[in-house]
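Listed below, chain by chain, are the residues.
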Amino acid sequence: MRHDVPAVVLDLSATGIGIVRSLAKKGIKVYAYDTKGKYEIGKTRFATCGSCPNPVSEGPALILFLTRLAQKLGQKAVLYAGSDDFVQFISKNRFVLSHYYKFLLPNHTLVEAVLDKRLTYELAIKSNVPCPKTYAINNEEQFEQIIHQITFPCILKPVYSSHFRSNIDHRLYKKAIVVAQPSQLREEYLFYRPFGELMIQEVIPGDEDCIYSVKTFFDEKMNLIGLWMNQKLHQFPPHFGSTALALSIRDQEVIQLATTFLKDIQFKGLAIAEFKRDPRDGKLKFIEINSRIGLTQALSIACGVNLAYLYYLSLTGQNPTPVTKQKEGVKWVYLVRDFLSFRQKQRNGEMTLMEWIKSLSGKKVEALFAWNDPLPFVRSFVSHMRNLWGRK
């Protein structure tokens, strides 16, 4: 296989570092960029790293940055996005960027639909995919009408999670707010409303290990080139957060539901489709789709389906053999986040120290730690501790 085309990765979180390492180990020259604070934490020896303009607030400057980088490289690099902000930026500016980079995304309308959680659920309903009851809130008057239709407990969450994070103090941000009664919902809605559009959603009961994530890569002609999946075990923050501990498994029912849905909406490129099994009826309920590689990319490599590399080979015209079989029973842990999640559960009487230690047993990979590249792990650990101290 040829590895002479460079790769550019926009993101230096654990997601981006997973992409960088998986490509660099194949001998591919990698350039990785993120906004200043994230670059300072995530810079890795496996890539030429630097800071770049913010994709949300400095779009024109980022286009200029990327065009100048492409001119220096002297050829079209394969472009990766590790966050929703970068996905939206690339999609919105795809006409210009396609002159300088190789990338594959669904049509822009579909990208916007999966970033807007209201539209995402409309897609699921049209494709007959079961999903939780969801209510969009456009104004306070509509909120007062909706509140009488809602079953409690429920979840209050942002429509655009990435935009919400950029508008609110990180110490206050929550991916989802669990609400027990109408008075609390009204209070939380009034507090969070200034930071972005909100929606209310039915709570699907069940523990974190009821959540499954299917990762896919469909090429331009919707041929399935790569697929693997994992089960979530822990999240950070607990119950309604991002993955902190995951297990590589195969569940054909989940895979069938995910691939049928993605084919139905013609979701080419990289995707993450997430579902939760509802213990009330045993059915899988749709949670979300993301148009990128996921946080658990290191597990992708460990279980034998390197989506980042398959994407590279496909975009450079090398027609990779599809890989859809994976190793099962491998764990992925984002150790600092999993520890903080455990501490919160311990305070709430949900988990003991021995239960947490036992959950980490078996073959596993760490989200950031590598003996030959330890600093991203160290800097991330320090950053999480500082944030925790700031919240206190």
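Refer to the preceding data block for the structure.
Predicted model only: the values in this text are computed from it and were never measured. (Residues numbered from 1 in each chain as written. Predicted model: local features only at pLDDT ≥ 70, side-chain atom pairs only at ≥ 80, totals over all residues. Heavy atoms only, no water.)

**Some thoughts on the packing of helix α6 (residues 108-115) against helix α7 (residues 117-126)**
No. 1: One can describe the packing of α6 onto α7 by two numbers: an axis separation of 5 Å at closest approach and a directional angle of 105°. Here α7 runs roughly perpendicular to α6, going by the angle between their axes. Mapping the contact onto sequence places L110, A113, V114 and L115 in α6 and K117, L119, T120 and L123 in α7.
No. 2: Its residues placed into classes, the contact of α6 with α7 shows 6 nonpolar, 1 polar and 1 charged. (Axes fitted to C-alpha atoms, helices over the stretch in contact; angles between N-to-C directions. Helix = DSSP H or I, 4+ residues; strand = E, 2+ residues; numbered from the N terminus. Parallel < 35°, antiparallel > 145°, perpendicular 65-115°, else oblique. Contact = heavy atoms within 4.5 Å. Nonpolar A, V, L, I, M, F, W, Y, C, P; charged D, E, K, R; others polar.)

**Side note on the environment of Q256**
No. 1: Position of Q256 relative to the elements: it lies in helix α11 (residues 252-264).
No. 2: Judged by its relative accessible area of 45%, Q256 is partly exposed.
No. 3: As for Q256 and V214, which are separated by 42 residues in sequence, their C-alpha atoms are 9.9 Å apart. (Buried < 20%, exposed > 50% of the residue type's maximum accessible area, 1.4 Å probe, protein only.)

**Some details on unusual backbone geometry**
For residues besides glycine, phi is generally negative; the peptide bonds are generally trans as well.
No. 1: Here the amide bond leading from F152 into P153 is cis, since omega sits at 0°, within 30 degrees of zero.
No. 2: Within the secondary structure, P153 is located in the loop between α8 (140-146) and β7 (154-158).
No. 3: In the segment running from F236 into P237, the intervening peptide bond is cis, with an omega of -5°.
No. 4: Here P237 is to be found in the loop between β11 (224-236) and β12 (242-248).
No. 5: The residue N319 is not glycine, and still its phi comes out positive at about 45°.
No. 6: Here N319 lies in the loop between α13 (307-315) and β15 (331-333).
No. 7: Its relative accessible area of 67% is what places N319 among the exposed residues.

**Some words on the pairing of strand β1 (residues 7-10)**
No. 1: Of the two faces of β1, the one holding A7 and V9 and the one holding V8 and L10 are both buried throughout.
No. 2: Where β1 lies against strand β4 (residues 77-81), 4 bridges are found, and the strand directions are parallel. Counted as the bridge partner of V8 is L79 from β4.
No. 3: Bridge count for β1 against strand β2 (residues 30-34) is 4 bridges, and the pairing is parallel. Across the sheet, A7 pairs through a bridge with V30, a residue of β2. (Pairing = 2+ DSSP bridges.)

**Some points on the pattern of salt bridges**
No. 1: Counting across every chain of the model gives 18 salt bridges.
No. 2: Measuring nitrogen to oxygen at the nearest pair gives 3.0 Å for the salt bridge that ties E144 to R186. Here E144, found in helix α8, pairs with R186, found in helix α10 (residues 182-192); they are 42 residues apart in sequence, far enough to count as distant.
No. 3: Its relative accessible area of 30% is what places R186 among the partly exposed residues. (Salt bridge = Lys/Arg side-chain N within 4 Å of Asp/Glu carboxyl O.)

**Side note on the sheet that holds β7**
No. 1: Taking strand neighbours across the sheet as the criterion, the 4 strands line up as β6-β9-β7-β8 in an open arrangement whose pairing is antiparallel. Both edges of this open sheet fall to β6 (134-137) and β8 (177-179), since each of them pairs with a single strand only. On average, each strand axis in the sheet is tilted by 25° relative to the strand beside it, whichever way the strands run.
No. 2: Here 5 bridges tie β7 to strand β9 (residues 198-202), and the two strands are oriented antiparallel to one another. Bridge pairing links C154 to E202 in β9.
No. 3: The strands that α7 touches are β6, β7 and β9; relative to β9, the one it contacts most, it runs at about 40°.
No. 4: In the packing of α10 onto the sheet, the strands contacted are β6, β7, β8 and β9, and the crossing angle to β8 comes to about 150°.

**Regarding the sheet that holds β11**
No. 1: Read from one edge of the open sheet, 7 strands run β14-β13-β10-β11-β12-β15-β16, paired in mixed fashion. Edge strands, defined here as strands with exactly one partner in the open sheet, are β14 (284-290) and β16 (364-366). Direction aside, the axes of adjacent strands within the sheet are offset by 30° on average.
No. 2: As defined by bridge partners, strand β13 (residues 269-277) adjoins β14 across 6 bridges and the pair is classed as antiparallel. The residue of β14 that forms the bridge with F275 is F286.

**Thoughts on helix α3 (residues 59-73)**
No. 1: The terminal C-alpha atoms of α3, which comprises 15 residues, lie 21 Å apart, in line with the 21 Å expected from a rise of 1.5 Å per residue.
No. 2: Listed as buried for α3 are G59, L62, L66, T67, L69, A70 and L73. An end-on view of α3 places all buried positions within 160° of arc, on one side of the element. Those residues of α3 that are exposed and aimed more than 90 degrees away from the buried face are P60, R68, Q71 and K72.
No. 3: In the core, the buried residues of α3 are packed alongside β1, β2, β4, α4 (84-92), α5 (94-97) and β5 (101-102).
No. 4: In the segment just after α3, G74 is the residue with positive phi, at about 80°. (Expected span 1.5 Å × (residues − 1). Arc of directions from axis to C-beta.)

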